[in-house]
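A look at the structure
Each chain, letter by letter, is given below.
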Amino acid sequence: MSVEQEQTERTIRCLVAKVGLDGHDRGAHVIARALRDAGFEVIYSGLHRAPDEVVQAAVQEDVDVVGISILSGAHNTLVPKILDGLKEYDAFDDRLILVGGIVPDDDQDELRDLGVDEIFGPGASMEEMIDYIHENAPER
Amino acid sequence: MSDLVADLLAGKHSALARVITKIENRSPGYREIISDLHQHTGTADVIGVTGSPGAGKSTLVDKVAATYREQGQTVGVIAIDPSSPFSGGAVLGDRIRMASNAGDMDMFFRSMSARGSLGGLSTATTDAVTALDAFGKDKIIVETVGAGQNEVDIVRTADTVAVLVPPGSGDDVQMLKAGILEIGDVFVVNKADLDGADRTVQQLREMLQGRSGRPDSGHHGATELAGDHGDASDDSDEEDDESETWNPPIVETVANRGEGVEDFLDALANHGDYLDRTGRREGQARERFAAEIRTLLREDANELLVDELNRRGGIEHYVDAVIERHTDPYTVVDEVLAPLRECLDERRD
């Protein structure tokens, strides 16, 4: 993509995705609403999405932020599949990949190595996340 | 031709997605992209789907798209949702309903928000349809909440417009006032298994009989109606020789169970045939391009004039002068436009 000067405050698009068998989306709803109120456009995936569907949504919607919510503990299986899919469709580099949920420290390091940009666990505040997105949203 | 356009034409999904982003953001260079893409368009069938919130648009679109995919056709969907006028943010939830096409990349689904600030949502939609068409999609579906002029404009980007009516909304006045009766080529009573569906179908039928023009052209006013294909066609050519008129069918569906979807597709196909048979498809395309040129001219001229106003110190001091009764709005406009008029006059010679 070529030079983009004087880009005035463009609208940041975020995908909030629930992957796998985890059926708890209360938190994802709260996050979707908070992101909306922060002025972002939020695409909510709905429950029980396969990694394929998350990739499809992230590519087609051309989101700046891919937010993956996993509370089932299956992050080590599901997240890498999503990352591989994004790479396959050339939609990995200019995207912020965030994971939300309960991720043990050892796993966190592993996910980061694979390309996850940030992990928000229990107790993370909305402001923290919104600020993070504002600061780190990819230049396009 | 930019790399992005080349990638899109080569069938790269992320390039298509990025082009639509540029269209939405009015990013620098988006005009050139549309210009480059235009010559590759003209092959897709564009279907507009509109109806009140909760009518079942997304669910029906999902099933329709899945059926097209089974037939081996590629599909693009643009779903437009409202955005908050306060934060500008939006939760775009239409994707949740796209369960039948999960993981299928040849079914391109894109959510767009009705970003108030950028204006010209219909322009952005038209451009997004151009991108999908150039990408090579066989069927393009534009889905939007049916309320107000904005929606009516958006839906006019479509060859065939389907209006969804949920049962029980059948208060005659409710249906008449949105002006939605005039734009529909196919009407769908969705959730037809609910109470009141028959009554809604009945009421719709009565209202549509009142709307459609009769073929006997001797009747007072009937010729106007016959030419009025859901559109102000006053500036188009004489079409009197085409005596065939379209009577919008009413289809009953239960979208979440997939019932009636085949009937709906048949109705869409029939309308497509009708457009081809009567030559109206071409007529519609002409009208659409004319409208697009007018809109773009207006937008660009407006931009030019805003710059000129700013160069002259902004609109405020003109307003001051008008309030003080030193001048009046007409004189101000004449003054601002004078150089433009002169310039045009010179060029004409």
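As a starting point, this report considers the structure included with it. None of the values given here were measured: they were computed from a predicted structure. (Residues numbered from 1 in each chain as written. Chains lettered and ligands numbered in written order. Predicted model: local features only at pLDDT ≥ 70, side-chain atom pairs only at ≥ 80, totals over all residues.)

Positive phi values are uncommon outside glycine, yet His 48 of chain A reaches one of about 55°. Within the element layout of this structure, His 48 of chain A appears in the loop between strand S2 (41–44) and helix H2 (51–60). Classification of His 48 of chain A as partly exposed rests on a count of 15 C-beta atoms within 10 Å. Unusually for a residue other than glycine, Arg 325 of chain B sits at a positive phi of about 65°. Within the secondary structure, Arg 325 of chain B sits in the loop between helix H12 (316–323) and helix H13 (329–348). (Helix = DSSP H or I, 4+ residues; strand = E, 2+ residues; numbered from the N terminus. Buried ≥ 20, exposed ≤ 12 C-beta atoms within 10 Å, placed from the backbone.)

Our focus in this paragraph is the nonpolar core. Ranked by internal contacts, the top residues of the largest apolar core, which has 110 residues, are Leu 15, Val 42, Ala 58 and Ile 68 of chain A together with Ala 131, Ile 141 and Val 188 of chain B. The element best represented in this core is helix H5 (residues 121–135) of chain B, accounting for seven residues. (Core = buried A, V, L, I, M, F, W, Y, C linked by C-beta atoms within 7 Å.)

What follows covers the packing of helix H4 (residues 57–70) of chain B against helix H10 (residues 261–278) of chain B. Residues and elements named next belong to chain B. Their axes nearest at 10 Å, the elements H4 and H10 cross at an angle of 75°. In terms of their interaxial angle, H4 and H10 are classed as roughly perpendicular. Of the residues in H10, those touching H4 at Lys 63, Val 64 and Thr 67 are Val 261, Phe 264 and Leu 265. Across the contact of H4 with H10, the residue classes tally to four nonpolar, one polar and one charged. (Axes fitted to C-alpha atoms, helices over the stretch in contact; angles between N-to-C directions. Parallel < 35°, antiparallel > 145°, perpendicular 65-115°, else oblique. Contact = placed C-beta atoms within 7 Å. Nonpolar A, V, L, I, M, F, W, Y, C, P; charged D, E, K, R; others polar.)

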